[in-house]
Amino acid sequence: MQRDLVISSSLSNISEVRFFLDRFFSESGLDRSNFNRVYLGLSEAVNNSIVHGNKLNIDKHVFISIQCQENQVKLEVKDEGEGFDLDCVEDPTCLKNLKNESGRGIFLISQMADDLKYYDGGRSIMIKYYFEQ
């Protein structure tokens, strides 16, 4: 099963993303105990695309795709921004970065996901979650 969603780059659309994921979980019969972990990764990826990728330009879009196969959920989030170099992202757990108001999204996604890949120059992310059956 696969579903897609395209949103404009407004933070108000995060609620639409939650509704989209909620509906996907219901339609695919996924165990609700996994919802929060998946939503955290998805919402952080979408937020990064809106804020850092598309720079809150509502004329640019974020493309979201979610697939479910047996015990795996795969998310892809793409933006129309300039991309970024993952090696240049500072570690939010370093003492000098602990009080920063941003910069934790990539770290949170990496802690929640079972598999993670950035591609297309940082404009796209693929996040996988594996669930016990």
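Up top is the structure.
Residues numbered from 1 in each chain as written. Predicted model: local features only at pLDDT ≥ 70, side-chain atom pairs only at ≥ 80, totals over all residues. Heavy atoms only, no water.

We now examine the pairing of strand 5 (residues 124-130). With 6 of 7 residues buried, strand 5 is to be regarded as a mostly interior element. Bridge count for strand 3 (residues 72-79) against strand 5 is 7 bridges, and the pairing is antiparallel. Along strand 5, the bridge assignment pairs K74 with K128. Of the pairings in the sheet, the one linking strand 4 (residues 115-119) to strand 5 comprises 5 bridges and is antiparallel in character. Paired with K117 across the two strands is M126, which belongs to strand 5. Linkage of strand 4 to strand 5, two consecutive antiparallel strands, is achieved through a turn of 4 residues, within which D120 is found at a positive phi near 55°. (Buried < 20%, exposed > 50% of the residue type's maximum accessible area, 1.4 Å probe, protein only. Helix = DSSP H or I, 4+ residues; strand = E, 2+ residues; numbered from the N terminus. Pairing = 2+ DSSP bridges.)

As a further point, take the packing of helix 2 (residues 35-53) against helix 3 (residues 105-112). At a minimum axis separation of 9 Å, helix 2 and helix 3 run at an interaxial angle of 150°. It follows that helix 2 is roughly antiparallel to helix 3 by the angle criterion. Note on packing geometry: the crossing formed by helix 2 with helix 3 is left-handed. Residues R37, L40, G41, E44, A45 and N48 of helix 2 touch helix 3, and the partners they reach there are G105, I106, L108, I109 and M112. Taken together, the residues that form the contact of helix 2 with helix 3 break down as 6 nonpolar, 3 polar and 2 charged. (Axes fitted to C-alpha atoms, helices over the stretch in contact; angles between N-to-C directions. Parallel < 35°, antiparallel > 145°, perpendicular 65-115°, else oblique. Left-handed = near helix turned anticlockwise from the far one by under 90°. Contact = heavy atoms within 4.5 Å. Nonpolar A, V, L, I, M, F, W, Y, C, P; charged D, E, K, R; others polar.)

What follows concerns the pattern of salt bridges. Following the criterion strictly, the structure yields 5 salt bridges and no others. Among the ionic pairs, D114 bridges to R37, the shortest N-O distance being 3.4 Å. Here R37 lies in helix 2 and D114 lies in the loop between helix 3 and strand 4, a separation of 77 residues in the sequence. A relative accessible area of 23% places R37 in the partly exposed class. With its nearest N and O atoms 3.9 Å apart, the salt bridge here joins E76 to K74. (Salt bridge = Lys/Arg side-chain N within 4 Å of Asp/Glu carboxyl O.)

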